[in-house]
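# Close look at the chain arrangement
Below, each chain spelled out in residue letters.
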Amino acid sequence: MNALTDRDLILRARHGDTESFGELIMRYQTSVFNVCYRMTHERREAEDLTQEVFLRVYSRLEAFDLDREFGPWVRRAAVNLCLNHLEGQKVTAELDDEHDSGETEQPENIYEARERSELIRIAIAALPVQYKAVVELRHYQELSYDEIALELKIPVSDVKSHLFRARKILAEKLK
Amino acid sequence: MKHLTDELLNEYLDHEAEDRAGIEEHLSTCADCASRLADLEALFAELDSLPEMPISRPVVIPLAKAYALPRWLTWTAAVQSAIALAAIIIAIPFLADLLPMIDTRSLVDLAVEAQSQWTGFLDSLSQVQMPSIPEIPIAEFSSLMMALAGVSVLWLLGNGLLLKNQMK
């Protein structure tokens, strides 16, 4: 089974071979989880989102273009799902009177965090949702400005400004 | 001297700046811009150095289970069946050539002889006189009944073999 390419596994999964889709999950669940974890910084939430990503991917397997790479496709799907999820949360939070924006984790409040990587994760998680998405797509999925614009359906100028502002915030917080 | 903007430095590091040569020329002579670029590079390095975290709850999709094939219908069984079918198809022409070479008459003779021996045996059984025991009528087995019995036995054996894996 390990010798099979992603393309082979997708073709088999399309014909109802669930073991092949299981193999695809095995191959990409960690990278998808890491996308979700960087976006949410909540392990449980990230694991739930990872599950949701693969459910959606499974239902859209027929639509997948076999000439493209599966890994980047599924990770981009993860970014979009997290983006929608976090934006939904934002709307809910704004509507919630009891929500206290001061509770948002800020690196200034967690100097106790021992590892630098944890500080970076917290700083990324504290970014506005759209900034988080462009940082994820640029730094971790290595997409170009044009590809990010296409993926998030925003102008390239917005991609540039989001990235610029996101990095400015990160640089300030990680000084 | 006009300094490079932060936006331009971002684009430069993202490999999206158009005039890379012009930017590099400026950076070689401007310590201030070179310093700002170094800071930005350090941030890039930090972001890129973020380690991957292991997933502690592996993904399980209930939907995948719903579409699972029946237990007995495995790829192995399908391949074995296909091979058996192919073997039969390949064997048919050879058998067609070989069958005429077999002396079927002698087989018929053997069958007739066997049948006559069998009827003789049945006759001898019918002539046995057992006065103390009530006479039991002996069923007459026709060749059709015998064939049916043989097929039934084969059918039962075949089913037994097929179900063997499922009984485990």
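In the block above lies the structure referred to throughout.
Here the structure is a predicted model, which means the values were calculated and not measured. (Residues numbered from 1 in each chain as written. Chains lettered and ligands numbered in written order. Predicted model: local features only at pLDDT ≥ 70, side-chain atom pairs only at ≥ 80, totals over all residues. Heavy atoms only, no water.)

Turning to the overall build of chain B, a few remarks are in order. When helices and strands are tallied, chain B shows 7 helices and 0 strands. Helices (α) and strands (β) of chain B occur, in sequence order from the N terminus, as α-α-α-α-α-α-α. Counting every position in chain B, which comprises 168 residues, the buried fraction comes to 14%. Partitioning the contacts of chain B with sequence separation of at least 6, the portion at a separation of at least 24 is 57%. Total accessible area computed for chain B in this model is approximately 13,600 Å², and 68% of it derives from carbon and sulfur atoms. (Helix = DSSP H or I, 4+ residues; strand = E, 2+ residues; numbered from the N terminus. Buried < 20%, exposed > 50% of the residue type's maximum accessible area, 1.4 Å probe, protein only. Contact = heavy atoms within 4.5 Å. Areas by Shrake-Rupley, 256 points an atom, 1.4 Å probe, with all protein chains shown as cover.)

Over its 18 residues, helix α3 (residues 31–48) of chain B extends 25 Å from the first C-alpha to the last, a length consistent with the 26 Å expected when each residue adds 1.5 Å. Along α3(B), the residues that are buried comprise Cys33(B), Leu37(B), Leu40(B), Leu43(B), Phe44(B) and Leu47(B). In a view along the axis of α3(B), the buried residues occupy a sector of 115°, so they form one face of it. The outward face of α3(B), more than 90 degrees from its buried face, is lined by the exposed residues Ala31(B) and Asp39(B). Those residues of α3(B) that are buried lie in contact with α5 (116–125), α6 (129–140) and α8 (156–173) of chain A together with α1 (6–13) and α2 (20–29) of chain B. (Expected span 1.5 Å × (residues − 1). Arc of directions from axis to C-beta.)

Taking 1.5 Å per residue as the helical rise, α8(A) with its 18 residues ought to reach 26 Å, and the 26 Å between its terminal C-alpha atoms agrees with that figure. Among all positions of α8(A), only Val159(A), His162(A), Leu163(A), Phe164(A), Ala166(A), Arg167(A) and Leu170(A) are buried.

Turning to the side chain of Asp6(A), a few remarks are in order. Note on placement: Asp6(A) falls in helix α1 (residues 6–14). With residues near it in sequence (within four places) discarded, Asp6(A) still touches Leu24(A), Arg27(A), Tyr28(A) and Phe70(A).

Moving on: the interface of chain B and chain A. Chain B puts 29 residues into the contact, and the matching count from chain A is 39 residues. Interface area, chain B with chain A, both sides summed: about 3,300 Å², of which 58% is carbon and sulfur. Our count for the contact surface shared by chain B and chain A stands at 6 salt bridges. For Arg138(A), the salt bridge is made with Asp14(B), and the minimal N-O distance between the two is 2.9 Å. (Buried area = accessible area lost by both parts, 1.4 Å probe. Salt bridge = Lys/Arg side-chain N within 4 Å of Asp/Glu carboxyl O.)

Residue and element names in this part refer to chain B. Where α1 contacts α2, the two axes come as close as 11 Å, and the packing angle between them is 115°. Where α1 crosses over α2, the two elements pack in a sense that is left-handed. Counting all contacts with α1, which are made through Leu 8, Leu 9 and Tyr 12, the residues of α2 involved are Arg 20, Ile 23, Glu 24 and Leu 27. Grouping the constituent residues of the contact of α1 with α2 by class yields 5 nonpolar, no polar and 2 charged. (Axes fitted to C-alpha atoms, helices over the stretch in contact; angles between N-to-C directions. Left-handed = near helix turned anticlockwise from the far one by under 90°. Nonpolar A, V, L, I, M, F, W, Y, C, P; charged D, E, K, R; others polar.)

For the rest of this paragraph, the subject is the nonpolar core. Judged by nonpolar contacts, the single largest core of 73 residues is most densely connected at Phe21(A), Phe54(A), Phe70(A) and Leu170(A). Of all the elements, helix α2 (residues 18–40) of chain A adds the most residues to this core, at 10 residues. The contacts of Phe54(A), once residues within four sequence positions are left out, are Phe21(A), Leu24(A), Ile25(A), Tyr28(A), Gln29(A), Val32(A), Val74(A), Val59(B) and Ile61(B). (Core = buried A, V, L, I, M, F, W, Y, C linked by side-chain atoms within 4.5 Å.)

As enumerated under the stated definition, the model contains 16 salt bridges over all chains in all. Its salt-bridge partner being Glu11(B), residue Lys160(A) comes within 3.6 Å of it at the nearest N-O pair. One end of the pair, Lys160(A), is in helix α8; the other, Glu11(B), is in helix α1, on a second chain. For Glu11(B), a relative accessible area of 14% puts it in the buried group. The partner of Arg36(B) in a salt bridge is Asp32(B), with the nearest N and O atoms 3.7 Å apart. Of this pair, Arg36(B) and Asp32(B) are both found in helix α3, 4 residues apart, which corresponds to roughly one turn of the helix. Since its relative accessible area comes to 23%, Arg36(B) is described here as partly exposed.

Residues and elements named next belong to chain A. Scanning the model with the defined rule gives 7 aromatic pairs over all chains in all. Seen in terms of ring centroids, Phe 21 and Tyr 58 are 4.6 Å apart; in terms of plane orientation they differ by 65°. Their pairing is edge-to-face. In this pair, Phe 21 is assigned in helix α2 and Tyr 58 in helix α3 (residues 43–59), connecting sequence segments 37 residues apart. The class for Phe 21 is buried, based on a relative accessible area of 0%. Centroid distance Phe 70 to Trp 73: 5.8 Å. Interplanar angle 50°. Geometry classified as tilted. Here Trp 73 and Phe 70 lie together in helix α4 (residues 70–95), a separation of 3 residues that amounts to about one turn. Here a set of aromatic residues connected by ring pairs shows up, and it is made of Tyr 28, Phe 64, Phe 70 and Trp 73. Stacked on the ring of Tyr 140, the Lys or Arg Arg 38 has its end atom at 4.1 Å from the ring centre. (Phe/Tyr/Trp six-rings, centres within 6.5 Å; stacked < 30°, edge-to-face > 60°. Lys NZ or Arg CZ within 6 Å of the ring centre and 35° of its normal.)

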